[in-house]
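This is what each chain is made of:
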Amino acid sequence: MQTDSKITIVGIGGVGGYLSGMLCRTFSQVTLIARGERGKSIEKGGVILHSEYNGEIHAVPHRVVHSAEEIREIQDIIFLCVKNYSLEDVCRDLRHCVDAHTIIVPVMNGADTGKRTKAFLGKGRVSDCVIYITSFLNPDFSVTQLGQYARLVLGSKEDAEAAREAGKYLAAAGIDCEVYEDADQAVWEKYIFNCAYNVETAYYNANVEDLQTDEKRREELRTLLGEACSVAAAKHIHIRENYQEEEYERFLHLSEGSTSSLKRDMEAGKTSEIETFGGYLVEEAQRLNIPIPLSEKIYRELRCREFLNGVKRKIEKKLEETRKEIEEGRQDIAGMHEYYWENRAEMDQYGYEDYDNQQALLRSVNANQEKQKQEHRYRKMLDSPFFGRVDFTYEGEERPESFYIGIGNFAERTGAVPLIYDWRAPVASLFYDFDQGKAYYDAPSGRLEGEIISKWQYKIRGGKMIYAFESDMKIDDEILKEELGSNGDVKLKNIIRTIQREQNAIIRNTKDKILAIQGTAGSGKTSVALHRIAYLLYHDRKHLKSSNILILSPNSVFADYIAHILPELGEEAIQELNFDLFAYRELQDVVSDCEDRYDDIEKRMQKNVCQARHREKQSREFLGMAEGFLAELEERLVNLKAVSFRGIEKTEQEMIRLFYFKFQNVPLLSRADAIMEALIDEYETLYNRNISEEDLEEIRKKFSQMYVTKDLYVIYNWLMEESGYPLLPKVPYEKRKLEYEDVFPMLYLKYRLYGAKSQKTIRHLVIDEMQDYSYLQYVILDMLFACPMTILGDRAQTLDDKTRDVLTFLPQIFGKKIRRIEMKKSYRNTSEIAQYAAALYKEQNMDVEIFRRHGKPVEEKAFSTLLEAVREIRKNVKTGPDGYETAAVLTATQEEAEAVCRCLKEEGQEAFCIDRDSSTFRRGLSVTTFYLAKGLEFDQVFGIRPEKGNIFSAQADYITATRAMHELYMYRICGDGKEEE
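Reading the values: rules and limits
Residues numbered from 1 in each chain as written. Predicted model: local features only at pLDDT ≥ 70, side-chain atom pairs only at ≥ 80, totals over all residues. Heavy atoms only, no water. Helix = DSSP H or I, 4+ residues; strand = E, 2+ residues; numbered from the N terminus. Rg over C-alpha atoms; globule rule 2.2 N^0.38 Å. Contact = heavy atoms within 4.5 Å. Areas by Shrake-Rupley, 256 points an atom, 1.4 Å probe, with all protein chains shown as cover. Lys, Arg positive; Asp, Glu negative; His and termini not counted. Charge placed at Lys NZ, Arg CZ, Asp CG, Glu CD. Buried < 20%, exposed > 50% of the residue type's maximum accessible area, 1.4 Å probe, protein only. Core = buried A, V, L, I, M, F, W, Y, C linked by side-chain atoms within 4.5 Å. UniProt positions renumbered as here; feature names shortened; annotations may be inferred. Arc of directions from axis to C-beta. Salt bridge = Lys/Arg side-chain N within 4 Å of Asp/Glu carboxyl O. Polar contact = N/O pair within 3.5 Å; in protein donor to acceptor, adjacent residues only side chain to side chain. Pairing = 2+ DSSP bridges. Axes fitted to C-alpha atoms, helices over the stretch in contact; angles between N-to-C directions. pLDDT = per-residue confidence, 0-100. Phe/Tyr/Trp six-rings, centres within 6.5 Å; stacked < 30°, edge-to-face > 60°. Lys NZ or Arg CZ within 6 Å of the ring centre and 35° of its normal.

### Digging into the overall build of the chain
Then, number 1: Counting its secondary structure elements, the chain contains 34 helices and 35 strands.
Then, number 2: Taken against the 2.2 N^0.38 rule, which gives 30 Å for 981 residues, the C-alpha radius of gyration of the chain at 39 Å runs more than 25% over that of a compact globule.
Then, number 3: In terms of its C-alpha atoms, the chain occupies a principal-axis envelope of roughly 125 × 85 × 55 Å.
Then, number 4: The long-range fraction of contacts in the chain, counting pairs at least 24 apart against all pairs at least 6 apart in sequence, stands at 73%.
Then, number 5: Surface exposure of the chain reaches about 45,600 Å², of which carbon and sulfur atoms provide 47%.
Then, number 6: Taking the average location of the 135 positive side-chain charges in the chain and that of its 165 negative ones, the two points are 2 Å from each other.

Right, here's the structure in full:
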């Protein structure tokens, strides 16, 4: 050893700074590797060390380099003072500075740093090392060392001479050190304490006094010490007698404010040494078959927190890049606008330049809009990047791979392996479909099999970990209970965190063209259908877009309630349509107005009578009568005559041939128009000119005379007459209003006589509340839509005096391509509410499985006046900042709902009345009818019924009960219902 020995120190922090100050005083050829501002500071002013043990030291190194590449010479000794996670990279960078004689001393945390250093370098002489010191780097890059100690222990079983030589360097610089043949005991005695102290302070994000004053945490630290000692014992590492108690006592006497580097790094969101203090210990324990449950539990959660911090940093970086690209895009668009308007007058006369500029502008606008969607997705991911993880070992592999599952894919760059996988990705099915043990998933390349080692579920809000549970601890139901037990929202919740196995099978079904789901109230069928749409969009982006999907919803409030789900899942909103409104629009050329389902329900409740005629007109038997009528209609309706126009003659025989043979497949009332179009084509071809408007009007009159009438209203009355039903009133168009029982029969007749325009742009149809659609309505839907369908509903919630199980006749309409699925498990209500609702429908023999979540018993009361009931509602309603999000008073009729709403407001209770014209679902107390509340859910529900029921009473009570998530109150008005004077 000489004073000009070549020495390199990597990592000029608290430890590396102390060694640098001491070594630079003695040796002339010390190289420090320091980057950025720290390197510049040392280059300018040297190393400044404030040492309570050694005094004030100012030393100047031989040189400061920013990377190992700048070092050209083989070094005599190298001190590695870096974090463990940097060790491999540092060794790779230094390899060219090391030969067989170079001594390497890793002055680092951990129990295996010497072994890893030798493996990474592949050459050189390595000595294990432990340092006992309290030191830190100051903001001005000087180093402070506290206390009257700063000591190193060196040793190497494989190369004792290397340890001795390293000790001489340190001793020459005045650094206290001890050299042993074997440093394992010293290494592990320090490592064991660090395993306990570092991980517990990081786990609780606490300083030492927060652990010292909490009995549970003190005992946990004692347990962590014991678990680490058991691993050391299994490795045959000698630990001094009474070590565990002595270290526990040392912990109890650590000064207030002390904490660990692991806690500081994780709190700051930096990369940490969790693999050093937890990962290595857990891995060794598993290899040696030593149980360390607490250490393993804390390590798994801290590892996830670190992954969360790392992912958040990467998302924030992507977010910043995207925002920059959006701003650049805006500037480009503004520049293109400016160029266009400045140069428009000079563009070529044929419009090519104008077109090219407009197209370029459109592409830029579209690209920027996509960037804005991406920016929104990144912002959403920052709040909760993932909710699950699966550790899966592929068949034939030894080490598991971790797959984090979130609302969308996230990778650092295009084409890179995702850090987070979309919940719809093939690998995510492991999370939803399997527990620990043998498992598989179907990838594009085929089925991949293996074993799930562990499965984790997380709740992250605002970028912070709320909880983490391992699924093999049987907490799936607990997480579901927490989600279901939380307050309702003004929007339907997405369920990606809690999708159940039977729900996932429906969501990921791509084989069946038509999926019909009979789901009990609260089974999540609407959520499942919407998540299925999101899944289909994700897996078939080439052929399926949001604009190709249509959902038939019962009303505008329900449509608003579910509208956000797909955008929340990363997809654009889909089209929504009310089938009654669609029918009204289709019949506007026949009648001025139509009743809808809600008119019919109100009318039937008011009259308190069953509508057998309505049911008959929607039946398969009625369609048979209608088809018989249509078969004979031609003879009664058609009056063919010869036609002549501007030299073109069509005899009566020719008209018969055209009408009954050539155009026989054209619907009856459109057939004359088809012949007319053929005649016009013939005229325009013969005379090489377009037909004039006057001539067109003349020829239309001639062809319209081919029918006795084209008035569908009149023809429908012929059908009613032949079928034995009362006729519609003979009134002018402006007074024609169809009762609901006639709306869809007339629409069917129109489509059969004029043809139905196939909705080819719709490539997937969702039909909610399927039980409320009749046989005839499904036949009409089959005429309009040839696409795949998701059909869902609950027969127990039929808006009729009898339940309707559409699954008994849907196969007759759609054929064998329909797949029937039942969802029997109810998740929405507490057990008390679910049991109450099931009792209301005992005669239906409903086979319902109730998810066990207990709450307040259902409250039933009777009142003599509405005012008394309203005052009781005021007493029990709990909406507001500290209460529930949503509550509802549900009545039978709209008139009753309006009366309740008025009474509530008179009593000073804020309430919002939902009627058929409402379009939004609001927070707070809503008042509406049972039939408008279908599909919605509320934290609290108050059902109000008059003593005298109606034909819908059973359905009204059942639907009311099943809307309640947490509390249900069923009130009867037993008097005349009038308020007291």
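### Overview of unusual backbone geometry
Then, number 1: One non-glycine residue, Asn205, adopts positive backbone phi at about 50°.
Then, number 2: Relative to the helices and strands, Asn205 is located in the loop between helix H6 (184-204) and helix H7 (208-212).
Then, number 3: Asn205 gets classed as partly exposed once you look at its relative accessible area, which sits at 42%.
Then, number 4: Its identity is not glycine, yet Asn289 carries a phi of approximately 60°, on the positive side.

### Brief notes about the nonpolar core
Then, number 1: The biggest cluster of nonpolar side chains holds 87 residues, and the ones touching the most others in it are Phe386, Phe392, Trp423, Leu430, Tyr458, Ile496 and Leu968.
Then, number 2: With eight residues, the single largest contributor to this core is helix H17 (residues 525-539).
Then, number 3: Residues in contact with Ile496, not counting those within four places in the same chain, are Phe387, Ile407, Trp423, Tyr432, His531 and Leu569.
Then, number 4: Counting 85 residues, the second largest nonpolar core, distinct from the first, contains Ala516, Val590, Ile691 and Leu776.

### Here's the deal with the UniProt feature "domain: UvrD-like helicase ATP-binding" (unreviewed entry) in the chain
Then, number 1: Mapped onto this numbering, the UniProt entry annotates "domain: UvrD-like helicase ATP-binding" (unreviewed entry) at residues 498-830.
Then, number 2: Taken end to end, residues 498-830 comprises 48% helix and 12% strand; its first and last C-alpha atoms sit 17 Å apart.

### Details of helix H4 (residues 113-121)
Then, number 1: Along H4, the residues that are buried comprise Thr113, Gly114, Thr117 and Leu121. Angularly, the buried residues of H4 cover 100° about the axis, an arc narrow enough to put them on a single face. For H4, exposure combined with an orientation more than 90 degrees from the buried face picks out Lys115 and Ala119.
Then, number 2: Here the buried face of H4 lies against strand S6 (77-80), helix H3 (87-94), strand S7 (103-106), strand S8 (125-126) and strand S9 (128-137).

### What about the side chain of Lys525?
Then, number 1: Mapping Lys525 onto the fold places it in helix H17.
Then, number 2: Buried charged residue Lys525 carries no salt bridge. Nearest counter-charge: Asp794, at 5.0 Å.
Then, number 3: Within the structure, the side chain of Lys525 is placed 3.1 Å from the backbone oxygen of Gly519, a separation counted as a polar contact.
Then, number 4: Among the polar contacts listed, one links the side chain of Lys525 to the backbone oxygen of Thr520, at a separation of 3.3 Å.
Then, number 5: With near-sequence residues (within four places) excluded, Lys525 lies in contact with Ile517, Gly519, Thr520, Leu792, Gly793, Asp794, Gln797 and Met823.

### Digging into the sheet that holds strand S18 (residues 514-519)
Then, number 1: Read from one edge of the open sheet, six strands run S20-S19-S25-S26-S18-S27, paired in parallel fashion. Edge strands, defined here as strands with exactly one partner in the open sheet, are strand S20 (575-577) and strand S27 (818-823). Ignoring strand direction, the axes of neighbouring strands in this sheet form an average angle of 15°.
Then, number 2: Pairing between S18 and S27: six bridges, direction parallel. By the bridge assignment, Gln518 is partnered in S27 with Glu822.
Then, number 3: Of the strands in this sheet, S18, strand S19 (549-552), strand S25 (764-767), strand S26 (789-793) and S27 are in contact with H17, which crosses S26 at around 170°.

### Things to note about the confidence of the model for the chain
Then, number 1: Taken residue by residue, the chain gives an average pLDDT of 89. The fraction at 70 or more is 96%.
Then, number 2: With pLDDT under 50 throughout, residues 977-981 is counted as low confidence; its partners more than four residues away or in other chains account for nine contacts.

### Focus: the packing of aromatic side chains
Then, number 1: A complete count under the given rule lists 43 aromatic pairs for this structure.
Then, number 2: Summarising the aromatic geometry, the rings of Phe434 and Tyr440 are spaced 5.2 Å apart at their centres and angled 65° between planes, so their arrangement reads as edge-to-face.
Then, number 3: Using a relative accessible area of 16% as the deciding quantity, one classes Phe434 as buried.
Then, number 4: Exposure remark for Tyr440: the relative accessible area of 30% places this residue in the partly exposed category.
Then, number 5: The structure contains a cluster of three or more aromatic residues connected by ring pairs, namely Phe579, Phe582, Tyr740, Phe744, Tyr773, Tyr775, Tyr778, Phe809 and Phe814.
Then, number 6: One Lys or Arg, Arg671, reaches over the ring of Phe659 and ends 4.8 Å from the middle of that ring.

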